[in-house]
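# Breakdown of the fold
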Amino acid sequence: MDIESILLPGIEPKRPLVIAGPCSAETEEQVMNTATILADRGIKIFRAGIWKPRTKPGGFEGVGVEGLSWLKRVKRETGMYVATEVATAKHVFECLKAGIDLLWIGARTTANPFAMQEVADALQGVDIPVLVKNPVSPDLELWIGALERIYNAGLHRIAAIHRGFSSTDKNIYRNLPQWHIPIELRRRIPHLPIICDPSHIGGKRELIAPISQQAMDLGFDGLIVESHVDPDCAWSDASQQITPDVLDYILNLLVIRKETQSTEPLSQLRKQIDECDNHLMQVLGKRMRISREIGLFKKEHDMTVLQTGRYNEILKKRGAQGVELGMDAEFIKKVFEAIHEESVRQQLIY
Ligand code: PEP
Ligand code: MN
């Protein structure tokens, strides 16, 4: 994917990009009060859910279209960019009409290819940044598929939001982080910005700071955090929302480390590692050459390639040597199994 920056004009390209605001827009007053303080604390992008996907009917399902005019007011009076969640073509049209700056796709929508395609079709050819949350279940392909649907609709300002995955195991999180999944996403689509949502991962206020720090240490590009002027009275996700002041405090404490810190001692040690790796490769190559000679000898003397007694002897001897050198016996076993497998393959083809 040829991803372009999701950064908006006037926003510095520095980590973390922060998006903050309440889980849901509740009243015009709550939206304006929260937005005013967030803007004052330096937040540049405001979030608020207008349409809320709820597990069961009858709960607070969002204020709907009326809330869009409150977001327009936030934009006008604070200068912040505004973002909300869309799940249907109608949501998309309403947001475009209201001049919303960024859209995000919720975890339940990402999990549903029909809904994703409907949203992608409604966005066809529109130039607006879209943030795609991971699906509820730990399914990387489904997440990438949703990103591709948006990309194929001609949108190139795209980012992913990691909001954790539901799990039946007992744990401290509302949604398990399973960091290896966004890490693999980064490996597969290196230029795609990834934003962490510590609010939905943690589910509780006290986990927001440590999860945000972990995300920064893993090189995530931004954070989307739920913030409310009166979190205890929030109409949705009360236990995971923090006041703008607490958010400001947490952001100020974050340590942002650089991915590459080329300090002299580190590069010296890396040079030594490179030399070791070079030796290892030379020795492995030599070992394989000898293996091929053994293969020829066996062929000429009508012997089988696999000589189990010899293989067991190697595993035993090198396992013991490995432990003496401070390595794990299981690790040595794996290494020699892999070397032996390649030796056998070489003996069979030559
Ligand atoms: C939200 O951001 O308020 C939300 C509903 O999140 P998710 O889709 O991650 O559950
Ligand atoms: Mn929420």
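Look up: the structure comes first, before these words.
It should be emphasised that the depicted structure is a prediction, and the values quoted were computed from it without experimental measurement.

### Quick word on the overall build of the protein
For the protein, the count of helices and strands is 13 helices and eight strands. Taking 2.2 N^0.38 as the reference for a compact globule, 350 residues should give roughly 20 Å; the C-alpha atoms of the protein span a radius of gyration of 27 Å, well beyond that estimate. Counting only C-alpha atoms, the protein reaches 90 × 45 × 40 Å along its principal axes. Expressed as a percentage of contacts within the protein between residues at least 6 apart in sequence, the contacts between residues at least 24 apart total 72%. Averaging the locations of the 43 positively and 46 negatively charged side chains of the protein gives two centres separated by 4 Å.

### Regarding the sheet that holds strand S5 (residues 130-133)
One closed barrel holds the eight strands; their spatial order is S1-S2-S3-S4-S5-S6-S7-S8, and the pairing between them is parallel. Averaged over all neighbouring strand pairs, the angle between strand axes comes to 25°, with direction disregarded. In the sheet, strand S2 (residues 45-47) pairs with strand S3 (residues 81-85) via three bridges, with the strands oriented parallel. What sits directly across from Phe46, in S3, is Val82.

### Some points on the coordination of the manganese ion (ligand 2)
Metal coordination angles in their ideal form are 109.5 degrees for the four-donor tetrahedron and 90 or 180 degrees for the six-donor octahedron. Looking at the manganese ion (ligand 2), one finds its protein donor set to be Cys23 (SG), His200 (NE2), Glu226 (OE) and Asp237 (OD), positioned 2.1 to 2.4 Å from the metal centre. Between consecutive donors of the manganese ion (ligand 2), the numbers of intervening residues give the motif C-x176-H-x25-E-x10-D. Taken together, the positions of Cys23 in the loop between strand S1 (17-21) and helix H1 (28-40) and Asp237 in the loop between strand S8 (222-226) and helix H10 (244-253) put the pair 214 residues apart, joining distant regions of the chain. Of the residues examined, Cys23 reaches a relative accessible area of 2% and is grouped as buried.

### Some remarks on the site of ligand 1
In the neighbourhood of ligand 1, the contacting residues comprise Cys23, Arg47, Lys52, Glu85, Trp104, Gly106, Ala107, Arg108, Lys133, Arg163, His200 and Glu226. Residue Lys133 places a side-chain N or O atom 2.8 Å away from an oxygen atom belonging to ligand 1. For ligand 1, an oxygen atom lies 3.4 Å from a polar atom in the side chain of His200. Protein contact buries 96% of the 300 Å² of open area that ligand 1 shows by itself. Taken together, the residues of the shell around ligand 1 break down into three nonpolar, two polar and seven charged.

### Remarks on the packing of helix H3 (residues 89-98) against helix H5 (residues 113-123)
Across the interface, H3 lies against H5 with an axial gap of 8 Å and an inter-helix angle of 30°. Considered as vectors, H3 and H5 are oriented roughly parallel to each other. In this structure, H3 crosses over H5, and the sense of that crossing is right-handed. Here Ala89, Val92 and Phe93 of H3 lie close against H5, whose contacting residues are Glu118, Val119, Ala122 and Leu123. For the contact of H3 with H5, the residue count by class is six nonpolar, no polar and one charged.

### Section: the nonpolar core
In summary, soluble globular proteins display a tendency toward joint burial of nonpolar side chains. Counting residues in hydrophobic clusters, the biggest one holds 66 residues, and the most contacted among them are Phe46, Leu123, Trp143, Ile150 and Leu185. Not counting the four nearest positions on each side in its chain, Trp143 is found in contact with Thr110, Val132, Lys133, Asn134, Pro135, Ala160, Ile161, His162, Phe165, Ile181, Pro182 and Leu185.

### Here we look at a nonpolar patch on the surface
Taken together, the side chains of Leu325, Met327 and Phe331 define a hydrophobic patch exposed on the protein surface, amounting to about 300 Å² of accessible area. Note that Phe331 resides in helix H13 (residues 329-349).

### With respect to the pattern of salt bridges
Applying the stated criterion across every chain yields a total of 20 salt bridges. Between Glu226 and Arg47 there is a salt bridge, with its nearest N and O atoms 3.4 Å apart. Of the two residues, Glu226 is situated in strand S8 and Arg47 in strand S2; the sequence distance between them amounts to 179 residues. The pair formed by Glu226 and Arg47 is uniform in burial state, with each residue classed as buried. Linking Arg157 and Asp127 is a salt bridge whose minimum nitrogen-to-oxygen distance equals 3.2 Å. With Arg157 in the loop between helix H6 (140-152) and strand S6 (158-162) and Asp127 in the loop between H5 and S5, the pair connects residues that are 30 residues apart, well separated along the chain. Here Arg157 falls in the buried class, since its relative accessible area comes to 16%. Connected via shared salt-bridge partners are Glu141, Glu184, Arg187 and Arg188.

### Topic: unusual backbone geometry
A cis geometry characterises the amide bond from Arg15 onward to Pro16, with omega recorded as -15°. For Pro16, the location among the structural elements is in the segment before S1. Phi at Gln178 takes a positive value of approximately 45°, unusual for a residue other than glycine. Residues other than glycine seldom take positive phi values, yet Asp302 does so here, at roughly 55°. Mapping Asp302 onto the fold places it in the loop between helix H11 (264-300) and helix H12 (308-324).

Parameters and conventions
Residues numbered from 1 in each chain as written. Chains lettered and ligands numbered in written order. Predicted model: local features only at pLDDT ≥ 70, side-chain atom pairs only at ≥ 80, totals over all residues. Heavy atoms only, no water. Helix = DSSP H or I, 4+ residues; strand = E, 2+ residues; numbered from the N terminus. Rg over C-alpha atoms; globule rule 2.2 N^0.38 Å. Contact = heavy atoms within 4.5 Å. Lys, Arg positive; Asp, Glu negative; His and termini not counted. Charge placed at Lys NZ, Arg CZ, Asp CG, Glu CD. Pairing = 2+ DSSP bridges. Axes fitted to C-alpha atoms, helices over the stretch in contact; angles between N-to-C directions. Donors = N, O, S within 2.8 Å, 3.2 Å for Na, K, Ca; no water. Buried < 20%, exposed > 50% of the residue type's maximum accessible area, 1.4 Å probe, protein only. Near = heavy atom within 4 Å. Polar contact = N/O pair within 3.5 Å; in protein donor to acceptor, adjacent residues only side chain to side chain. Areas by Shrake-Rupley, 256 points an atom, 1.4 Å probe, with all protein chains shown as cover. Nonpolar A, V, L, I, M, F, W, Y, C, P; charged D, E, K, R; others polar. Parallel < 35°, antiparallel > 145°, perpendicular 65-115°, else oblique. Left-handed = near helix turned anticlockwise from the far one by under 90°. Core = buried A, V, L, I, M, F, W, Y, C linked by side-chain atoms within 4.5 Å. Patch = residues over 30% accessible without salt bridge, like charges linked within 9 Å, V, L, I, M, F, W, Y side chains within 5 Å. Salt bridge = Lys/Arg side-chain N within 4 Å of Asp/Glu carboxyl O.

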